[in-house]
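Close look at the chain arrangement
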Amino acid sequence: MQRLQPSKRRISSPVSVAPWKSVVGLLFSLILILLQAESIQAEPPAFTESPRNRIFFWKVTSTTLAPDGVTRPVILVNEKYPGPRIEVNRGDSVTVVVENALDVPTSFHWHGLTMRDDPWYDGVPGMNQCPIPPGTNFTYAFGTDNVVGTHWWHAHFENQYIDGLVGAIIIQDPPETNPFRLAYDEERTIVISDWYHLPTGPLLAHYLSPESQGIEPVPNSGLINGKNIFDCSKVQPANLECNPGERSVFHFLPNRRYRLRLINSGAAAAFLFSIDEHKLQVIEVDGTDINPILVDSLPINTGQRYSVILTTNQEPKNYWMRAEMGMACLPNTPTNLDPIVLAEIRYQGGGKGEPTSVGRFQPGTPKKGDPAPINPAFEAACLDPDLYSLHPLQPQPLLEPISKSIRVQITFKADPVDNITRGYLNDITYAGNAWRPTILQNLDPVETFEIAQHVMKIDKRDSIVQIILENPHGGEHPFHLHGHTFQVIAQGQGVYEEGKTELNAINPLRRDTATIPRHGFAVIRFKADNPGVWSLHCHIEWHVTTGLVMQFVELPDELRALGLPKQSAKLCEAGPPKGFKAHTGFVPKV
Ligand SMILES: *[C@@H]1O[C@H](CO)[C@@H](O)[C@H](O)[C@H]1NC(C)=O
Ligand SMILES: *[C@@H]1O[C@H](CO)[C@@H](O)[C@H](O)[C@H]1NC(C)=O
Ligand SMILES: [Cu+2]
């Protein structure tokens with residue numbers, strides 16, 4: 001009844017690394033390390049003839065870790081947190097062999113990649129794949145569709161990414177096409193995250209009960225590249241094992257330009273990023289190169305990425321790098337949370353001591369009399385940087401005319417039956433069947449979708465879709481669309497009025513995760529040219545659990561014609577392992 005076709009390519013393509021090249025590369029990096037004993041992070045890899053396939057082997061295990069000094073259960077890829085980075089060149093394809101050594105299912109999403117021609121590898125159970133059962137392997141193999149820049153991967157099964165399954169994806173633009181090739185000398189990746197001392201199991205059990213009244217779990221801590229120091233006297237519950245943690249340290253040479261690739265891989269918190277006594281030049285937003293702007297600090301919401309250039313032109317000493325958690329958008333202010341997450345920047349020759357530099361606040365919780373905030377918009381609410389100041393370097397006209405305009409209203413309410421507070425998009429709280437994903441259902445042209453799947457079909461190739469996201473209540477929601485980058489054509493307070501609200505119509509910013517302000521709106525547009533099942537959801541991971549999710553079935557006929565790779569179809573045959581409800585949603589409906 002279903003037409004199943006093997007994936008067109010790549011699964012069996014050989015790994016093409018000429019052995020002499022890797023030996024030369026290894027020697028070269030060794031020499032580099034010896035020359036710059038202080039600068040221990042490697043230079044970006046040398047460019048080789050692209051495109052080619054790069055293969056990664058991942059083993060997913062559950063273990064314990066103490067990234068900020070507090071030991072807790074985590075799940076990791078190759079025992080690393082953040083997990084292994086995927087670094088490739090423009091045009092390369094990627095193969096990731098996942099060995100699921102957990103005793104629960106898993107799946108992975110490649111945030112920022114479009115999965116063009118590979119829609120079944122986008123990683124969302126219930127939409128484009130069935131979960132990878134425990135004790136089995138699954139191979140993701142996908143192209144990168146001319147995408148470049150700073151992206152990330154994370155688990156998309158239940159809330160697993162909060163428990164450790166995150167990592168960077170960097171797609172290098174070769175010198176011929178990188179407009180910033182002369183603007184920086186080296187680069188570093190900086191993964192910023194909120195962090196919880198309890199695993200998501202107990203946090204969710206409370207969050208998804210009537211008692212929480214919809215108040216989300218609040219972070220205990222934050223991490224920069226998986227490190228921080230937590231004050232052990234404040235650990236709750238007090239019986240958690242706590243030892244002194246350590247901070248990330250960046251060794252920089254004076255008078256050099258560093259591209260910092262910033263990723264917020266957290267569950268909920270937005271961060272304001274800054275480096276004491278330095279300005280930052282923003283050059284990339286979610287993979288889109290932009291006309292550079294100079295800032296003192298930069299807000300980064302969950303799921304978003306930026307690249308900034310830091311020039312080490314200040315007095316050679318040590319400075320704090322800060323990621324300040326946006327307290328205005330947490331549901332409450334925990335007394336044991338230090339919202340300022342620090343890392344050290346050490347100039348060569350700047351001495352070994354801890355930095356003494358002063359930012360907008362002294363390290364520690366802001367006190368009365370501290371310097372005034374330098375980013376009042378972020379301080380009051382976790383807003384994105386001013387939309388009108390961010391424009392792509394490669395201009396693209398406003399996408400028009402609109403073929404389909406959709407209003408999507410975000411609300412939360414307690415269910416009258418079970419008294420559990422859930423999130424709703426246009427009065428639908430999402431629930432899908434992880435073992436019968438939409439992409440599989442779509443193979444049968446007459447199958448209908450359930451209301452709770454919240455499917456919207458887009459039938460016409462190249463039609464322009466506009467989504468007006470309305471957020472009448474308090475609290476920001478960073479919304480992410482799979483399968484596309486979109487134009488952000490309006491973002492503001494109040495209600496969007498067609499024809500009245502001023503549009504960001506000239507060369508609008510293109511990105512894949514945009515914040516919907518509280519009591520406000522954001523309007524995005526994209527072109528339907530990518531057959532697939534694409535999720536649109538809040539990237540506050542707690543809100544994913546509670547239903548703030550919908551999906552587009554884009555070009556269903558073309559999608560059907562693509563069929564499904566054999567291994568993807570096979571994942572769905574066995575059905576859920578023992579203990580997992582077939583019809584999940586994430587919240588079992590009473
Ligand atoms: C999964 O992959 C790993 C490494 O690639 C391999 O060692 C292992 O045998 C595979 N397991 C299964 C069940 O195929
Ligand atoms: C729903 O739960 C809240 C919080 O526990 C409680 O105060 C309220 O009385 C409950 N309402 C109903 C109708 O059960
Ligand atoms: Cu949200």
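Residues numbered from 1 in each chain as written. Chains lettered and ligands numbered in written order. Predicted model: local features only at pLDDT ≥ 70, side-chain atom pairs only at ≥ 80, totals over all residues. Heavy atoms only, no water.

Looking at an unreviewed UniProt entry, one finds the protein named Iron transport multicopper oxidase and attributed to Entomortierella parvispora. Here the protein is described in UniProt, under the heading Sequence similarities (unreviewed entry), as follows: "Belongs to the multicopper oxidase family." (UniProt positions renumbered as here; feature names shortened; annotations may be inferred.)

Here we come to the site of ligand 1. Surrounding ligand 1, one finds Phe-57, Glu-99 and Asn-137. With respect to ligand 1, the side chain of Asn-137 contributes an N or O atom lying 2.3 Å from an oxygen atom. (Near = heavy atom within 4 Å. Polar contact = N/O pair within 3.5 Å; in protein donor to acceptor, adjacent residues only side chain to side chain.)

The next thing to look at is the nonpolar core. One recurring pattern in soluble globular proteins is that nonpolar side chains are buried together. Membership of the largest hydrophobic core comes to 71 residues, with the highest contact counts inside it found for Leu-260, Phe-273 and Trp-542. The residue makeup of this core includes at least three contributed by each of domain 2 (187-360 + 374-389) and domain 3 (404-572). Each residue touching Phe-273, except ones within four places of it in the same chain, is listed here: Ile-190, Ile-192, Leu-260, Leu-262, Leu-280, Asp-296, Ser-297, Leu-298, Ile-300, Met-321 and Arg-322. Formed by 61 residues, the second largest nonpolar core is a distinct cluster that contains Tyr-81, Leu-113, Trp-120 and Tyr-140. (Core = buried A, V, L, I, M, F, W, Y, C linked by side-chain atoms within 4.5 Å. Buried < 20%, exposed > 50% of the residue type's maximum accessible area, 1.4 Å probe, protein only. Domains from an automatic or database assignment. Contact = heavy atoms within 4.5 Å.)

Now for the sheet that holds strand β26 (residues 510-511). Strands belonging to one sheet form pairs held by backbone hydrogen bonds; the direction of such a pair is parallel or antiparallel. As summarised here, the arrangement of the 6 strands in space is β21-β20-β23-β28-β25-β26, forming an open sheet in which the pairing is mixed. The open sheet has two edge strands, β21 (421-425) and β26, and neither has a second partner. (Pairing = 2+ DSSP bridges. Helix = DSSP H or I, 4+ residues; strand = E, 2+ residues; numbered from the N terminus.)

Moving on to the environment of Val-465. In this structure, Val-465 sits in strand β23 (residues 464-471). For Val-465, a relative accessible area of 0% puts it in the buried group. Apart from the residues within four sequence positions on either side, Val-465 is in contact with Lys-404, Ile-406, Ile-458, Ile-524, Arg-525 and Phe-526.

Per the counting criterion, the structure on display carries 3 disulfides. Here Cys-130 is linked by a disulfide to Cys-572, with a sulfur-sulfur distance of 2.0 Å. Across the S-S bond of Cys-130 and Cys-572 the torsion is about 105°, and the bridge reads as right-handed. With Cys-130 in the loop between β5 (108-111) and β6 (137-143) and Cys-572 in helix α7 (residues 566-573), this pair connects stretches of sequence that are 442 residues apart. Using a relative accessible area of 0% as the deciding quantity, one classes Cys-130 as buried. Disulfide pairing places Cys-329 opposite Cys-382 at an S-S distance of 1.7 Å. Linking Cys-329 and Cys-382, the disulfide has an S-S dihedral of approximately -70° and is accordingly described as left-handed. Separated by 53 residues along the polypeptide, Cys-329 in the loop between β18 (318-325) and β19 (340-347) and Cys-382 in the loop between α3 (376-380) and β20 (402-414) bring together distant segments of the chain. (Disulfide = S-S within 2.5 Å.)

Right, let's get into the pattern of salt bridges. Side-chain pairs of opposite charge can arise whenever the charged atoms involved come near each other. Scanning the model with the defined rule gives 31 salt bridges in all. Of the charged contacts in the structure, one is a salt bridge between Arg-54 and Asp-92, with a shortest N-O distance of 2.5 Å. With Arg-54 in strand β1 (residues 53-65) and Asp-92 in the loop between β3 (86-89) and β4 (93-100), this residue pair connects regions lying 38 residues apart in the sequence. Just as Arg-54 is buried, Asp-92 falls in that class too. Measuring nitrogen to oxygen at the nearest pair gives 2.3 Å for the salt bridge that ties Arg-407 to Glu-470. Of the two residues, Arg-407 is situated in strand β20 and Glu-470 in strand β23; the sequence distance between them amounts to 63 residues. Overall, Glu-470 belongs to the buried group, its relative accessible area being 14%. Connected via shared salt-bridge partners are Asp-286, Arg-305, Asp-384, Arg-511 and Asp-512. (Salt bridge = Lys/Arg side-chain N within 4 Å of Asp/Glu carboxyl O.)

Glancing now at the site of ligand 2. Taken together, Pro-210, Glu-211, Gln-213 and Asn-419 make up the full set of residues adjacent to ligand 2. Asn-419 places a side-chain nitrogen or oxygen 2.3 Å from an oxygen atom of ligand 2. Its free accessible area being 360 Å², ligand 2 has 35% of it covered by the protein chains. The residue makeup of the shell around ligand 2, split by class, is 1 nonpolar, 2 polar and 1 charged. (Areas by Shrake-Rupley, 256 points an atom, 1.4 Å probe, with all protein chains shown as cover. Nonpolar A, V, L, I, M, F, W, Y, C, P; charged D, E, K, R; others polar.)

All right, on to the layout of surface pockets then. The volume enclosed by the second largest pocket comes to roughly 810 Å³. If you trace the second largest pocket, you find 30 residues lining it, with Asn-146, Thr-288, Gln-396, Thr-485 and Arg-510 closest to the centre. Sorting the residues of the lining of the second largest pocket by element identifies β15 (288-295), β25 (486-493) and β28 (520-527) as the ones contributing at least two each. Residues of the lining of the second largest pocket, tallied by class, amount to 8 nonpolar, 13 polar and 9 charged. (1 Å grid on protein atoms, 1.4 Å probe; cavity = no way out; pocket = protein on both sides within 12 Å on 5 of 7 lines; lining within 4 Å. Points joined across faces, edges and corners; volume = space filled by probe spheres on them.)

Now for the pairing of strand β29 (residues 532-538). Most of β29 sits out of view: 7 of its 7 residues are buried. Side-chain alternation along β29 places Gly-532, Trp-534, Leu-536 and Cys-538 on one buried face and Val-533, Ser-535 and His-537 on a second face that is also buried. Pairing between strand β24 (residues 477-481) and β29: 3 bridges, direction antiparallel. Its bridge partner lying in β29, His-480 is registered against His-537.

With that out of the way, let us pick up the coordination of the copper ion (ligand 3). Here the copper ion (ligand 3) is held by the protein donor atoms His-477 (ND1), Cys-538 (SG) and His-543 (ND1), which lie 2.0 to 2.1 Å from it. Read in sequence order, the donor residues coordinating the copper ion (ligand 3) give the pattern H-x60-C-x4-H. The two residues Cys-538 and His-543 agree in class, both being buried. (Donors = N, O, S within 2.8 Å, 3.2 Å for Na, K, Ca; no water.)

This part covers the sheet that holds strand β22 (residues 455-458). Here 5 strands make up an open sheet; going across it, the order is β22-β30-β29-β24-β27 and the pairing mixed. Lying at the two open borders of the sheet, with one neighbouring strand each, are β22 and β27 (513-516). Along the sheet, successive strands turn relative to each other by an average axial angle of 20°, direction set aside. Pairing between β29 and strand β30 (residues 549-554): 6 bridges, direction antiparallel. Looking at the pairing, Ser-535 lines up with Gln-551 of β30. (Axes fitted to C-alpha atoms, helices over the stretch in contact; angles between N-to-C directions.)

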